[in-house]
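Overview (structure and organization)
One letter stands for each residue in the lines below.
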Amino acid sequence: MAFQGSGELEDQIEEPEDTLRVSPAEEMPVDGPPAVEDPDPEPLLLPWDRFSTWLHCICVVGFDLELGQAVEVIYPHHSKLTEKEKTSICYLSFPDSNSGCLGDTQFCFRFRQAAGRKSSLGCFLDHFDRDAPVCLKRDQGYYYGYVYFRQVRDKSLKRGYFQKSLVLISKLPYVTFFHSLLKLIAPEYFEKQEPCLEAACNDIDRWPTPCPGKILTLPIMGVVMKLRIPTCYDKPGTSQLVQSAPSDSLVSIVLPTVHEVDLFRCFHPVFFHIQMLWELVLLGEALVVMAPSPAESSDTVLALVSCISPLRYCSDFRPYFTIHDSEFKEYTTRTQAPPSVILGVTNPFFAKTLQHWPHIIRIGDMKQAGEMAKQMKVKKLKNLKTLDSKPGVYTAYKPFLNKDEDIIKQLQKGVQQKRPSAAQNAILRRYFLELTQSFIIPLERYVASLMPLQKSISPWKSPPQLRPFNQEEFMKTLEKAGPQLTSRLKGDWIGLYRQFLRSPNFDGWFRNRRKEMMQKLEALHLEALCEEDLQLRIQKHTEVETVDLVLKLKEKLTQAEKDQLPVKPGTLPKLQSHIETIILSLPEDLQGILHKPPSP
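Looking at an unreviewed UniProt entry, one finds the chain named UDENN domain-containing protein and attributed to Culter alburnus. Listed in UniProt under the heading Sequence similarities (unreviewed entry), the comment for the chain reads: "Belongs to the DENND6 family."

Structural data, given as structure tokens:
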């Protein structure tokens, strides 16, 4: 994923015309996607296909006196979950007993998908992922669970309480959207039971597919929701507001975002340490959030993961984690260093189990967000005995960068002046975005320099290779073109980069950039081939060589369509036309063979 720099920065990284470079500005146009071949029209969708593009299934989890938590209903009934997945959903759908969540509570969790399962809609869903920002792409090996839990007194029941959760299981990280959806579905379900669930699922199966960049109108339970899913071509830090139109007389809810949590509310208990938390997340450090409820735990973990946006957090994270998790032993063992993961927990047992972890964030009750947070100092880990400890950050970590006092003063002033929470959230989100961009733009610029010159691309040779990433070579570029161009922050930027280059976040980011640039090289190679006079070329070939050329061109065409290469409009039809012309120049028996579709 590339980042948009300031105009001044873009001027500094302009290259000579004969040099092929993938600059941040080229990689992220503001006004739309790069010109590529039009994808195939939407395939014929079968019943439940549309539902499956949004959700895997909906579960109802209840409490049984003999069995404990149990999945009572899975809808649609044909949806498949393994026993291990069902067990995970059961335990993660209820707050720990110590949370004392009376009334209605909403939170989310994330759990591993059983190995070996493939979606019949795989290729179709990949098409949506192509245009989504990296942080909104489908989670390949994980599911999200979005929970609406109700606990109310009921003397007619043996336990004296009615306890039930309605859970949406999805691959999509649209936390704000799914929580809004649950607020519409769950209260109706608790009143009218399964017929209401069936009606909701039928509504969802009539929705348009979740296509990034389009304004979507989604009818559900007699209400209409309107929203827009962001694209990777949107300018970072901007959101294209969904406006209500005169024709929207039926629209009840307009969602300004599908995925963003309120950063200021989540970080308020520890906002003196936001810059240090940004460093810990950027470097993929092991972090645990101890909170009084699953709602506060999950919101804080999601806020941490999103604070390095538009960089993707590439390690594991669990917004709500319990002692029953299948990864509990793996993540709490003392025989090895804690893994690169962010855990959100509420059970006091974790204060003892995870006290060897290097960084612990203790969150108090977020309902006091209007008050001024008082804690200033980072606390020592030995002071964390129980979950009753005071809110704060418990760590021995020494930040690489000097503290930015301006953002703290700005947020404090906002609290004193009773600035709206939305404005405080916008200030904090902009601060994190600019910090991340200042950090990543020097990396973007260096990686772009690894691209070979365009004149080195020959149609009759394999595309040239990218130069390898050289850490020391990159470090030398920071002296003149480092983050100091866009950030006023002082400190050990070099040390921060060295640590980052060893992190899972760098590995994930570089793999993604490398893939994008290799596809760009393939696209340029394909365009060079299309400009050649292939008819003239084959006159010098034997029949066998011509057949070989046709097979190779067909293979390149198939691969280009599959990978959706960013080629100029008209390139793929032109290549298809070249192939047809060459085939027609061959004897009839060979024409028949070459016109046959390849066997699957």
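We are not done yet, so read on.
**With respect to the overall build of the chain**
Scanning the chain for helices and strands turns up 21 helices and 13 strands. Out of the 600 residues belonging to the chain, those deemed buried represent 52%. The contacts of the chain with a sequence gap of at least 6 include a subset with a gap of at least 24, amounting to 75%.

**Brief notes about the side chain of Thr231**
Mapped onto the elements of the fold, Thr231 is located in the loop between strand 7 (223-228) and strand 8 (251-254). What makes Thr231 buried here is its relative accessible area of 11%. Setting aside its immediate chain neighbours within four residues, Thr231 contacts Asp131, Pro133, Pro212 and Gly213.

**Considering the packing of helix 6 (residues 175-192) against helix 7 (residues 194-204)**
Between helix 6 and helix 7, the shortest axis-to-axis distance is 7 Å and the interhelical angle comes to 150°. Classified by the angle between their axes, helix 6 and helix 7 sit roughly antiparallel to one another. Across the interface between the two elements, Leu181, Ile185, Glu188, Tyr189 and Lys192 of helix 6 pack against Glu194, Pro195, Cys196, Leu197, Ala200 and Ile204 of helix 7.

**A word on the packing of aromatic side chains**
Counted according to the given criterion, the structure contains 40 aromatic pairs. With 5.2 Å between their ring centres and 85° between their planes, Trp54 and Trp207 make a pair best called edge-to-face. In this pair, Trp54 is assigned in helix 3 (residues 49-54) and Trp207 in the loop between helix 7 and strand 6 (215-220), connecting sequence segments 153 residues apart. Judged by relative accessible area, which is 1%, Trp207 ranks as buried. When the ring of Trp278 is compared with that of Phe439, the centres are 6.2 Å apart and the planes differ by 85°; the resulting orientation is edge-to-face.

**Some words on the pairing of strand 4 (residues 142-153)**
With 10 of its 12 residues buried, strand 4 lies for the most part within the structure. Bridge analysis of strand 3 (residues 103-112) against strand 4 gives 10 bridges, and the strand direction is antiparallel. Looking at strand 4, one finds that Arg110 is bridged to Tyr144. The pairing of strand 4 with strand 5 (residues 161-170) spans 10 bridges and is antiparallel. Counterpart to Tyr146 in the pairing with strand 5 is Leu168.

**Some remarks on unusual backbone geometry**
Of the consecutive residues Tyr75 and Pro76, the connecting peptide bond is found in the cis state with omega at -5°. Examined against the element boundaries, Pro76 turns out to sit in the loop between strand 2 (68-75) and helix 4 (83-92). A cis geometry characterises the amide bond from Ser309 onward to Pro310, with omega recorded as 10°. For Pro310, the position within the fold is in the loop between helix 10 (294-306) and strand 10 (316-318). Despite not being glycine, Trp48 has its phi angle at roughly 80°, a positive value. Along the polypeptide, Trp48 turns up in the loop between helix 2 (24-27) and helix 3.

**Describing the sheet that holds strand 2**
The strand order across the open sheet formed by 5 strands is 2-1-5-4-3, and the pairing between neighbours is antiparallel. Looking along the sheet, the strands with just one partner apiece sit at the ends: strand 2 and strand 3. On average, each strand axis in the sheet is tilted by 25° relative to the strand beside it, whichever way the strands run. Of the strands in this sheet, strand 1 (57-64), strand 3, strand 4 and strand 5 are in contact with helix 6, which crosses strand 4 at around 40°.

Cut-off values and rules
Numbers given to residues run from 1 along each chain, matching the order in which its sequence is written. A pLDDT threshold of at least 70 governs which residues receive local features in this predicted model, and a stricter bar of 80 or more applies before side-chain atom pairs are shown or counted, although totals over entire chains, interfaces and linings include all residues. Neither water nor hydrogens contribute to the side-chain values; these are computed over all heavy atoms in the structure. UniProt positions are given in the numbering used here, feature names are shortened, and annotations may be inferred rather than shown by experiment. For helices the rule is a DSSP run of H or I covering at least 4 residues; for strands it is a run of E covering at least 2, with both sets numbered from the N terminus onward. A 1.4 Å probe rolled over the protein chains alone gives each residue an accessible area, and that area as a share of the maximum for its type sets the label: buried under 20%, exposed over 50%, partly exposed in between. In this description, contact between two residues means that some pair of their heavy atoms is separated by no more than 4.5 Å. Axis lines are fitted to C-alpha atoms, over the contacting stretch for helices. Their N-to-C directions set the angle, which ranges from 0 to 180 degrees. In this scheme, roughly parallel covers angles under 35 degrees and roughly antiparallel covers those over 145, while 65 to 115 is roughly perpendicular and the rest are oblique. In summary, the pairing rule links any two rings of Phe, Tyr or Trp, Trp by its six-membered ring, whose centres are within 6.5 Å, and it sorts them by plane angle into stacked for under 30 degrees, edge-to-face for over 60 and tilted for everything else. Here the rule is simple: two strands pair whenever DSSP picks up at least two bridges between them.

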